[in-house]
Amino acid sequence: MKFILTKELGKLARWLRILGFDTVYYKGDNLGPIIIQALREDRRIITRKKGIRYLQKRIMVVSSEEVQRQLKELQKKLDLDIKEDKIFTRCTVCNELLEEVKKENIKASLPEYVYKHQDCFRQCESCKKVYWKGSHWDDIKKGVSQLRGR
Ligand SMILES: [Zn+2]
């Protein structure tokens, strides 16, 4: 399931990427390009704008303003399949898939204490951002467990 989100849903876009979903975040105001891209790449449009008259089946309007609730809405209406092993497989900045990297190769870009205490790293090929299982990791896992109702 792939998504394209309109500009008021930046936080949700970041979360969908954290959860491993292929998510385009569209910052423009004009809906033309979003509709074309949704059709061309078979993406579902997620928006808070009401009254879009095209592609009704492809559009989902979320009503909540808070990101955890928005995720709940998606989960309910789209039967979103959240898998733990997909978490942090995609760059939250540019949506590219992450590659595992040896820490020796990225030493220069890491804070010293991270280099010392972490062993598992992933990197975005495109923007070079490095990800590791820091303290935020547990928060995210907790958030995901809540979403899955456990
Ligand atoms: Zn990136």
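Small disclaimer: the values here were computed from a predicted structure and weren't measured. (Residues numbered from 1 in each chain as written. Predicted model: local features only at pLDDT ≥ 70, side-chain atom pairs only at ≥ 80, totals over all residues.)

*Asks:* Before we go on, may I ask you to explain the environment of Leu-78 in this structure?
*Replies:* Mapped onto the elements, Leu-78 comes out in helix α3 (residues 67-78). Since 13 C-beta atoms lie within 10 Å of it, Leu-78 is described here as partly exposed. Along the sequence, Leu-78 and Leu-16 sit 62 residues apart, while their C-alpha atoms lie 13 Å from each other. Every residue in contact with Leu-78, bar those within four places of it in the chain, is listed here: Met-1 and Met-60. (Helix = DSSP H or I, 4+ residues; strand = E, 2+ residues; numbered from the N terminus. Buried ≥ 20, exposed ≤ 12 C-beta atoms within 10 Å, placed from the backbone. Contact = placed C-beta atoms within 7 Å.)

*Asks:* Would you explain the environment of Ile-45 in this entry?
*Replies:* In this structure, Ile-45 sits in strand β3 (residues 44-47). It is 33 Å that separates the C-alpha atoms of Ile-45 and Val-101, two residues lying 56 residues apart in sequence. Look past the residues within four positions of Ile-45 in its chain and what remains in contact with it is Ile-4, Ile-34, Ala-38, Leu-55, Arg-58 and Ile-59.

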